[in-house]
Amino acid sequence: MNFVGYVEARDVPLGAVDVLVTDGFTGNVYLKACEGMGALMKDALKSMFFANLKTKIGALCVKKQLGSFSKQMDYKEIGGSPLLGTAKPVFKAHGSSDAKAFFGAFRQAKLFVENNAIAEMTEAIAALGAKEG
């Protein structure tokens, strides 16, 4: 484990950390801001690529990459996150989730269970405690 300490919010999406630990309010504000920026970027790209015939042709040339980027920026693809520190899997989805977002949350929960995430984390934390002792 590599504890980084305090990080700037702008560095998190760039990969400065794999896990961000925060209080509920701050974490929620951060997530909502990221989701809003994702929606803004998708709308801005759509406006640029549908501005005229030339840009539409350009969009056709990068259609696959745009689709991949759009999917990556869509919070509904993930849909939910696990609440850590529980003995059983518990997932939190948006209050405004639609069917697509719930499907994403169920997919994440399924992967979480299939990968035995709680046992893996429990073992990793126990190993850290053993190293420190």
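Quick note: structure is the one above.
This section reports on the structure supplied with the text. (Residues numbered from 1 in each chain as written. Predicted model: local features only at pLDDT ≥ 70, side-chain atom pairs only at ≥ 80, totals over all residues. Heavy atoms only, no water.)

Some words on the overall build of the protein chain
- What the protein chain contains, in helices and strands, is five helices and two strands.
- Listed N to C, the secondary structure of the protein chain is α-α-α-β-β-α-α in terms of helices and strands.
- Taken over C-alpha atoms, the radius of gyration comes to 19 Å for the protein chain, far larger than the 14 Å a tight globule of 133 residues would show.
- Of all intrachain contacts in the protein chain linking residues separated by at least 6 positions in sequence, the fraction that spans at least 24 positions is 40%.
- As displayed, the protein chain offers around 10500 Å² of accessible surface, 64% of which is attributable to carbon and sulfur atoms.
- In the protein chain, 16 positive and 13 negative side-chain charges are present, and the distance between their average locations comes to 12 Å. (Helix = DSSP H or I, 4+ residues; strand = E, 2+ residues; numbered from the N terminus. Rg over C-alpha atoms; globule rule 2.2 N^0.38 Å. Contact = heavy atoms within 4.5 Å. Areas by Shrake-Rupley, 256 points an atom, 1.4 Å probe, with all protein chains shown as cover. Lys, Arg positive; Asp, Glu negative; His and termini not counted. Charge placed at Lys NZ, Arg CZ, Asp CG, Glu CD.)

Some remarks on the side chain of Glu77
- Here Glu77 lies in the loop between α3 (63-73) and β1 (80-82).
- Each residue touching Glu77, except ones within four places of it in the same chain, is listed here: Lys71, Lys100, Gly104 and Arg107.

Observations regarding the side chain of Asp74
- Secondary-structure assignment places Asp74 in the loop between α3 and β1.
- A polar contact is formed between the side chain of Asp74 and the backbone nitrogen of Lys76, at a distance of 3.0 Å.
- Look past the residues within four positions of Asp74 in its chain and what remains in contact with it is Lys42 and Lys100. (Polar contact = N/O pair within 3.5 Å; in protein donor to acceptor, adjacent residues only side chain to side chain.)

Describing the pattern of salt bridges
- Under the criterion given, the structure shown has seven salt bridges.
- Between Arg10 and Asp11 there is a salt bridge, and its shortest N-O distance comes to 4.0 Å.
- By relative accessible area, which is 61% here, Arg10 ends up exposed.
- Residue Asp11 is classed as partly exposed on the basis of its relative accessible area, which comes to 28%.
- A salt bridge links Arg107 to Glu77; its shortest N-O distance comes to 3.8 Å. Of this pair, Arg107 sits in helix α4 (residues 99-114) while Glu77 sits in the loop between α3 and β1; the two residues are 30 residues apart in sequence, bridging distant segments of the chain.
- Residue Glu77 is classed as buried on the basis of its relative accessible area of 17%. (Salt bridge = Lys/Arg side-chain N within 4 Å of Asp/Glu carboxyl O. Buried < 20%, exposed > 50% of the residue type's maximum accessible area, 1.4 Å probe, protein only.)

What about the packing of aromatic side chains?
- Inspection of the entire model under this criterion finds two aromatic pairs.
- Summarising the aromatic geometry, the rings of Phe91 and Phe112 are spaced 5.3 Å apart at their centres and angled 85° between planes, so their arrangement reads as edge-to-face. Placement of Phe91 in strand β2 (residues 91-93) and of Phe112 in helix α4 is noted, with a sequence separation of 21 residues between them. (Phe/Tyr/Trp six-rings, centres within 6.5 Å; stacked < 30°, edge-to-face > 60°.)

Details of unusual backbone geometry
- Positioned with a positive phi, Asn116 is a non-glycine residue whose angle comes to about 55°.
- Relative to the helices and strands, Asn116 resides in the loop between α4 and α5 (117-132).
- Among the residues examined, Asn116 registers a relative accessible area of 45% and is labelled partly exposed.

A look at helix α1 (residues 24-49)
- Between its terminal C-alpha atoms α1 stretches 37 Å, which fits the 38 Å expected from 26 residues at 1.5 Å a residue.
- All of the buried residues in α1 are Gly27, Tyr30, Glu35, Gly38 and Phe49.
- Turning to α1, the residues buried within the fold contact α2 (53-61) and α3. (Expected span 1.5 Å × (residues − 1).)

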